[in-house]
Each structure stands twice: as structure tokens, then as C-alpha cells.
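# Chains, contacts and geometry: an overview
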Amino acid sequence: MPKPPLTVECPTCSAPVEWSENSPNRPFCSDRCKLIDLGAWAAEDHAIPGNELEDDLFSEDMPPRRDH
Ligand SMILES: [Zn+2]
């Protein structure tokens, strides 16, 4: 009795992906989804809003305190 194939969801498009040698791009359903995901990560790396956001929050917080 063969084991049922394990399937995972493609992180990019949520399509079911068979976790086997039939899916060389697993956990992605296709090479395109793999590239899209890698591109998304690269884009996030280039636009790290962390420090900018904190600066905005602090600079917004300061003036009202001085006004009051
Ligand atoms: Zn996909």
C-alpha cells in the first residue's frame, strides 16, 4: 500500500505542492513562484523601514509634548 503523498502549500500562491521528487521547486509549486518569493525577500531587504519608522514616531511624539 503506497503512502499518500505529502503535500504542502506553495508559499507564494498557496497551491498544493507534492512533497516529492516530482516537485523540484518545493515548497514552491513552480520555478516562477520560487523566484517571486526570492524577489519579495530581496525587496524587503532593500527597504528596511525599521529605523525610519522609529525616528518618525519619536519626532512626532516630541513637538506636542513641548507645545503642552
Ligand atoms: Zn505557487
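These lines cover the structure that appears in this document, whether it is placed above or below. (Residues numbered from 1 in each chain as written. Predicted model: local features only at pLDDT ≥ 70, side-chain atom pairs only at ≥ 80, totals over all residues. Heavy atoms only, no water.)

## Observations regarding the side chain of D37
With respect to the secondary-structure elements, D37 resides in helix α1 (residues 31-46). The side chain of D37 sits in the buried core without any salt bridge; K34 is the nearest counter-charge, 10 Å away. In contact with D37, other than residues within four places in its own chain, are T12 and F28. (Helix = DSSP H or I, 4+ residues; strand = E, 2+ residues; numbered from the N terminus. Buried < 20%, exposed > 50% of the residue type's maximum accessible area, 1.4 Å probe, protein only. Lys, Arg positive; Asp, Glu negative; His and termini not counted. Salt bridge = Lys/Arg side-chain N within 4 Å of Asp/Glu carboxyl O. Contact = heavy atoms within 4.5 Å.)

## Examining the coordination of the zinc ion
Listed as protein donors to the zinc ion are C10 (SG), C13 (SG), C29 (SG) and C33 (SG); their distances from the metal cover 2.3 Å. Geometry at the zinc ion is tetrahedral, judged from its four donor atoms and the angles of 105 to 117° they form at the metal. All donors of the zinc ion belong to a single chain; written as a sequence motif, their spacing is C-x2-C-x15-C-x3-C. You can call C10 buried: its relative accessible area is 1%. For C13, a relative accessible area of 41% translates into the label partly exposed. (Donors = N, O, S within 2.8 Å, 3.2 Å for Na, K, Ca; no water. Tetrahedral: all angles 85-135°; square planar, octahedral: opposite > 155°, others 65-115°.)

This is a description of form; function is not addressed.
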